[in-house]
Every structure is written in C-alpha cells, then in structure tokens.
Amino acid sequence: DSTVSATTSVGVTLAYNTIGYEPQNVFRDLSDAWFGSSIADSTPTKTDARVTNSSLEAAGALEVVADWNGSIGAYIENSAISLSVDINVLKKVDPTTMSAATISVAPVVAMNKIAATTNAVIETTEDVLAGGDINVLAYSRTAIEARVKAAAVSMVGGVVGGLGVSVGLNASRNEIDSTLSALI
C-alpha cells in the first residue's frame, strides 16, 4: 500500500521594477504588465546641464555636458513541482477506485520600465565667447536586461489511470521612455 501526495503546487511571481515612475498598487502594475495599459504616472528622472541668463567667456574650449546612465537588471526564476503516487499492487483492491492526479502552475509576470529626461542647454545668454570649440552634449545610456524563467513539473503514478496538468507561463514587458536634447 503506497501513497505519496502533493497533488497541487502553485508558485506565483510578480516583479515590478521602475525608474522614473510613481509607485502603483499591485493591480495597476499587473494590468500594465499584462495588457500594456500604461496607467502608471511617469515622473522621469531628470539630468540637466544648463546655463541660463549668463555671459560666458572661455580662453579655450567651452563644454556643457549632461550625462545620465540608468539600468535595470532583472533575473527572475519560478518553479512549482507536484507529485502524486497512488500504487497498491500487493493488496486486492478494485483497480477502478485507484487514480492519481496532479496540478502544477508556475506563472511569472514581470514589468521593467524606465523614464528619463536628459538636457544640455545654453539659453537666454547675452554673450558666449570661446577661444576653441563650443560643445553642448547630452548622453543618455538606458538599458533593461531581463531574464525570466518559469518551470512547472507535474508527475502522476497509479495502477489505473492518472491525470497530470502542468502550466508554466512567462509574461514580461520592458519599456524605455528616454528624452534627450542638446540646445543652444
């Protein structure tokens, strides 16, 4: 007479990583990650290099540089294992009454979003004099690296019949909204 059970196994992973967005509740994040509803309030990170209402005079080169570097690294793994063994070969049991069933579910829902604004500006100045080059430069290095894995294993054993259901699901959305400007 043998019985081993763990007939239902569920592992759910929800991962939300954002830069430049207001925190949301789990239901809004789930809607945004799954359907792309974009209901999160964007408040982009700002990097500004700005000269305003000033006179500039340099003996050599003149540079105004705005440099932003932001990234998200998300490495998400999930698994669910279910095992059911119902074997009775040594006793005289009606085999139609013996069965085994398992269900294993392991969904992963992940969302990674970055919103950033980078500006390098010389504005409303009266005089800009330089003995060399005048450079106004803006850099934005934005990256998302996401690795998402889901595994579901369901095993069944029995003398007569058996049912095993296994579902592994990945849903991942990555979004970068980056605005860059360099102006004189």
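Note that the structure is a prediction, hence the values are computed from the model and not measured.

Quick notes on the rules
- Residues numbered from 1 in each chain as written.
- Predicted model: local features only at pLDDT ≥ 70, side-chain atom pairs only at ≥ 80, totals over all residues.
- Heavy atoms only, no water.
- Helix = DSSP H or I, 4+ residues; strand = E, 2+ residues; numbered from the N terminus.
- Buried < 20%, exposed > 50% of the residue type's maximum accessible area, 1.4 Å probe, protein only.
- Contact = heavy atoms within 4.5 Å.
- Areas by Shrake-Rupley, 256 points an atom, 1.4 Å probe, with all protein chains shown as cover.
- Polar contact = N/O pair within 3.5 Å; in protein donor to acceptor, adjacent residues only side chain to side chain.
- Salt bridge = Lys/Arg side-chain N within 4 Å of Asp/Glu carboxyl O.
- Patch = residues over 30% accessible without salt bridge, like charges linked within 9 Å, V, L, I, M, F, W, Y side chains within 5 Å.
- Core = buried A, V, L, I, M, F, W, Y, C linked by side-chain atoms within 4.5 Å.
- Phe/Tyr/Trp six-rings, centres within 6.5 Å; stacked < 30°, edge-to-face > 60°.
- Lys NZ or Arg CZ within 6 Å of the ring centre and 35° of its normal.

A word on the overall build of the protein. Each helix and strand counted, the protein has one helix and ten strands in total. Reading the helices (α) and strands (β) of the protein from amino to carboxyl end gives β-β-β-α-β-β-β-β-β-β-β. Within the protein, buried positions represent 30% of all 184 residues. For the protein, the proportion of contacts with a sequence separation of at least 24, taken over those separated by at least 6, is 81%. Total accessible area computed for the protein in this model is approximately 10700 Å², and 52% of it derives from carbon and sulfur atoms.

It is worth spelling out the side chain of Asn78 at this point. Position of Asn78 relative to the elements: it lies in strand S6 (residues 62–87). In terms of polar contacts, Asn78 uses its side chain to reach the backbone carbonyl oxygen of Pro107, at 3.1 Å. If sequence neighbours within four positions are ignored, Asn78 has contacts with Gly11, Val12, Thr13, Ala106, Pro107, Val108, Lys149, Ala150 and Ala151.

This paragraph deals with the environment of Leu83. As for its placement among the helices and strands, Leu83 is situated in strand S6. For the pair formed by Leu83 and Ser104, sequence separation is 21 residues and the distance between their alpha carbons is 9.0 Å.

Take Arg173: it is sitting in strand S10 (residues 163–183). For Arg173, a relative accessible area of 29% gives the class partly exposed. On a C-alpha basis, the gap between Arg173 and Ala33 in space is 5.7 Å, while along the polypeptide they are 140 residues apart. Those residues within four positions of Arg173 in sequence are excluded, and the remaining contacts are Asp32, Ala33, Trp34, Phe35, Gly36, Ala110, Met111 and Asn112. Looking at Arg173, its side chain comes within polar contact range of the main-chain oxygen of Asp32, at 3.2 Å. A distance of 3.3 Å separates a polar side-chain atom of Arg173 from the backbone oxygen of Ala33.

Okay, the pattern of salt bridges next. The final tally for this structure, using the stated rule, is six salt bridges. The salt bridge involving Asp32 is made with Lys113; its shortest N-O contact spans 2.8 Å. Taken together, the positions of Asp32 in helix H1 (residues 26–35) and Lys113 in strand S7 (residues 101–123) put the pair 81 residues apart, joining distant regions of the chain. The burial state of Asp32 is the same as that of Lys113; both residues are buried. Several salt bridges share partner residues, and in doing so they unite Asp48, Arg50 and Glu123 into one network.

Side chains of Trp34, Phe35, Ile103, Leu163, Val165, Val167 and Leu169 sit close together on the surface and give an oily, nonpolar patch of about 630 Å² of accessible area. Looking at where Val167 falls in the secondary structure, it is placed in strand S10.

Ala49, Val51, Leu56, Leu62, Val64, Ala66, Ala120, Ile122, Val136 and Ala138 together form the largest nonpolar core, which totals ten residues. Listed by contribution, the elements that provide at least two residues to this core are strand S4 (45–52), S6, S7 and strand S9 (134–158). Looking at this core element by element, the count peaks at three residues for S6. Ignoring sequence-local partners within four residues, the contact set of Ala49 consists of Val64, Val65, Ala66, Asn119, Ala120 and Val121. One finds Ala15, Ala110, Ile114 and Ala116 within the second-largest nonpolar core, a separate group that totals nine residues.

A full pass over the atoms with the stated rule returns zero aromatic pairs. The side chain of Lys113 reaches across the aromatic face of Tyr21, ending 4.4 Å from its centre.

So, to be careful, I would describe these as geometric facts and stop short of saying anything about function.
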